[in-house]
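# Structural overview for review
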Amino acid sequence: MMEGAVKAVIYAIGDLHLSLQSNKPMDVFGGVWAGYLEKIRKNFSKLTDEDVCVLCGDLTWGMDLEECLEDFRFINDLPGKKILLKGNHDFWWTTATKAKRFFDRHGLDKLDILHNNCHFVGDTAICGTRGWFYEEEVSPEHDRKIMAREVTRLETSLKAAAGAKEILVFLHYPPIFYNFLCRDIIDLMKRYGVRHCYYGHIHGEGHKLATRGERDGIVYHMVSADFVDFNPVPVK
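Described in the following lines is the structure provided in the data block. (Residues numbered from 1 in each chain as written. Predicted model: local features only at pLDDT ≥ 70, side-chain atom pairs only at ≥ 80, totals over all residues. Heavy atoms only, no water.)

Turning next to the overall build of the protein chain. Helices and strands together make up the secondary structure of the protein chain, namely five helices and 13 strands. A compact globule built from 236 residues should have a C-alpha radius of gyration of about 18 Å, and the protein chain, at 17 Å, falls within 12% of that. With the C-alpha coordinates aligned to their principal axes, the bounding extent of the protein chain is approximately 50 × 40 × 35 Å. Here the analysis covers contacts within the protein chain between residues at least 6 apart in sequence; of these, 74% occur between residues at least 24 apart. (Helix = DSSP H or I, 4+ residues; strand = E, 2+ residues; numbered from the N terminus. Rg over C-alpha atoms; globule rule 2.2 N^0.38 Å. Contact = heavy atoms within 4.5 Å.)

Shown next, in the form of structure tokens:
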């Protein structure tokens, strides 16, 4: 890095649940969600345009890309570059290619997708996928298929990180939660030497049951927006 150059800071936050077009504002839940849009604006103001924020899924309630446009504009206008991964409520998500074309068409130049790929910030690799959670259980055959798909996507992302000094993994679903353990994803992270994993999805009373801190060599960080009071968490 050149002397005097500004080093980008990596941040993470999940579950913004925006609804500027879909009329499902989270303020109705009161408490920490009251005035959450203004909290997001205020707390993102600490980022610079060089910084990168990974958004760990459940970004908007919009049902398709067009219904998400104002939400994406809101996110795009916040300082820093944003890397988006899929959550279980991101119904707008069809393919990464379609999302990127939509972003390009509407001048959303600070948004990018994390899906079967990785992003480098200096010598740090940002990897991830949605993940798997017991709430998704339908049948043993279905569950094995979806789990295998998510493991494959994460491994594709991790392979793309070859040469990185450090690999960070971002998921929507927690790989550990109370009695739930997603062994396939955990073992994969260990195999690639991942030391830090960031996730969202968990809200309200579930915060008390969430795994945070080190467990078997991996440090887990919960970055659900209502848990971090809509304040992007510095990662590196």
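Anyway, onward from the coordinates.
Moving on: the sheet that holds strand S10 (residues 196-199). Taken in spatial order, the six strands make up an open sheet running S5-S6-S7-S10-S12-S11, and their pairing is mixed. The open sheet has two free edges, formed respectively by strand S5 (119-121) and strand S11 (213-215), since each of these has just one partner strand. Strand-to-strand twist of the sheet, defined as the mean angle between neighbouring strand axes without regard to direction, takes the value 30°. Strand direction decides the pairing type here: S5 and strand S6 (residues 124-129), joined by three bridges, are antiparallel. Directly across from Phe120, in S6, lies its bridge partner Ala125. On the sheet, helix H4 (residues 140-159) packs against S6 and strand S7 (166-171) and is oriented at approximately 170° with respect to S6. (Pairing = 2+ DSSP bridges. Axes fitted to C-alpha atoms, helices over the stretch in contact; angles between N-to-C directions.)

Quick look at the sheet that holds strand S4 (residues 111-113) now. For sheets, the rule is that strands pair by backbone hydrogen bonds, running either parallel or antiparallel. If you walk across this open sheet you meet the five strands as S4-S3-S2-S1-S13, and the pairing is mixed. Looking along the sheet, the strands with just one partner apiece sit at the ends: S4 and strand S13 (233-234). The pairing of strand S1 (residues 10-13) with strand S2 (residues 52-56) spans four bridges and is classified as parallel. Each residue of the ladder has a partner; that of Ile13, found in S2, is Leu55. Across the face of the sheet, helix H3 (residues 96-105) comes into contact with strand S3 (81-85) and S4 while running at roughly 170° to S4.

Attention now goes to H3. If you check which residues of H3 are buried, you get Ala96, Ala99, Phe102 and Phe103. The arc that holds every buried residue of H3, seen down its axis, measures 125°, which confines them to one face. H3 presents Arg101, Asp104 and Arg105 as exposed residues on the side facing more than 90 degrees away from its buried surface. On its buried face, H3 is in contact with helix H2 (69-77), S3 and S4. A positive backbone phi angle near 65° is found at Gly107, which sits one or two residues after H3. (Buried < 20%, exposed > 50% of the residue type's maximum accessible area, 1.4 Å probe, protein only. Arc of directions from axis to C-beta.)

On inspection of all chains with the given rule, the structure shows 11 aromatic pairs. Ring plane angle 70° and centroid distance 4.9 Å describe the contact between Trp33 and Phe230, whose orientation is recorded as edge-to-face. Remark: Phe230 occurs in the loop between strand S12 (218-222) and S13 and Trp33 occurs in the loop between S1 and helix H1 (36-44); sequence separation between them is 197 residues. The residues Trp33 and Phe230 share a single accessibility class, namely buried. Ring centres 5.2 Å apart and planes at 75° place the aromatic pair Phe72 and Phe103 in the edge-to-face group. (Phe/Tyr/Trp six-rings, centres within 6.5 Å; stacked < 30°, edge-to-face > 60°.)

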